[in-house]
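Per-entry structural report
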Amino acid sequence: MSSCQEAFPLRFRVEKIPSLGTMKIYKNSTWQKLCTRSWDKDEEHLTCKTMGYSNNGVYDNGTQYTDNNNASNTSIHHNCSSLTKCGDNIDNKLQLCKVPVRLNGANIEYGGRVEVFYKGKWGKICPNKWDFNDVKVICRQLGFKGALAEFIGSDVKDEGNPFVMSGVTCTGGEPELAFCARIDGKLNIDCQKDDKGAEALCEPIPPIIQLFGPNKPIREGKQCQPDL
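For the structure given in this document, a descriptive report is provided here. (Residues numbered from 1 in each chain as written. Predicted model: local features only at pLDDT ≥ 70, side-chain atom pairs only at ≥ 80, totals over all residues. Heavy atoms only, no water.)

1. What to know about the pattern of salt bridges
Between side chains of opposite charge, pairing is possible as soon as their charged atoms come close. Defined as follows: Salt bridge, as used here: a side-chain nitrogen of Lys or Arg that lies within 4 Å of a carboxyl oxygen of Asp or Glu. Helix and strand labels come from DSSP, where a helix needs a run of H or I of at least four residues and a strand needs a run of E of at least two; each type is numbered from the N terminus. Classification of residues uses two cut-offs on accessible area relative to the type maximum, computed with a 1.4 Å probe and protein chains only: under 20% is buried, over 50% is exposed, and between them is partly exposed.
On inspection of all chains with the given rule, the structure shows 6 salt bridges. Between K145 and E203 there is a salt bridge, with the nearest N and O atoms lying 3.8 Å from each other. Taken together, the residues span a long stretch of sequence, with K145 in the loop between helix 2 (132-141) and strand 9 (146-149) and E203 in strand 12 (residues 199-203) at a distance of 58 residues. The closest approach of N and O atoms between R182 and D184, which form a salt bridge, is 2.9 Å. According to the relative accessible area criterion, D184 is buried, its value standing at 11%. Via salt bridges that share partners, R102, R113 and E115 belong to a single interconnected network.

Spelled out as C-alpha cells, the structure:
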C-alpha cells in the first residue's frame, strides 16, 4: 500500500443500520466519500476497526474509537490521488462492518446472555426491543441449527459487562447482526432500569460421528449396519 503524505480524519455515514454505510474522509475542507476500490480486506478492516467494529475476528483494545457521531480523529494513509476518485460504477457501494457476537453466562454452549464486541470490549445488548426474530439472527450467525427462545432464565450469571447496544429490531431473515437495525453505543433510558441483558436460546446441531470408515458419517444415535 503506497503511503500518502497527508493524514485525513475518517467517519462512517449510516442510516438505520450503524455498521452499514459509507466511509468518508475530511479532505479539502469537506467530507468526501472514501474510495476503497483498490483496497483489500485488511485495509477495509482498518476503517471498520476505527469505527469500533472488528471484521477479522481479532479483538484488541489498542485502537482510538469514534465518538457517538461516528467521527474519528484516527487518520488513514493511502495513495492521495485515489482516496476520493471512486468512479461512477461503485458510487453507491456500501461498506459492511462486522459485529462479533457470543453467548455467555450460562452453563450451556447454545444459550446465555448475548454479548457483542464493540469499541474494544465485550458488552451486553439492552433488551428494550428484543424478540424472537433477533434470536433467530444471533443463532444463525453463531452457526446453530435454529432458535428456540429469547430468554434462558435465572441461571444466567451477570458478569458486570456494560451495555453497548440497544433497540435491536431484526426481521429474522438477516444473515447476521450487522445487517439489523439497532443503536450502537447510545443507550435508551430503559436500559438503566434493569441490568439484565438480552438473552438467546439456540437449537444445537446434533454431533456427527464417524463409524465404519472415513467416508460414512452418521448422526449420533442412529443405528446402522456395517458393509459385509
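2. Description of the state of the cysteines
What counts, and what does not: The rule for a disulfide is simple: a pair of cysteine sulfur atoms within 2.5 Å.
Tallied over the full model, the rule gives 3 disulfides. What pairs with C48 in a disulfide is C97, and their sulfur atoms sit 2.0 Å apart. Linking C48 and C97, the disulfide has an S-S dihedral of approximately -80 degrees and is accordingly described as left-handed. With C48 in helix 1 (residues 41-50) and C97 in the loop between strand 5 (95-96) and strand 6 (101-104), this residue pair connects regions lying 49 residues apart in the sequence. A relative accessible area of 0% means that C97 is categorised as buried.

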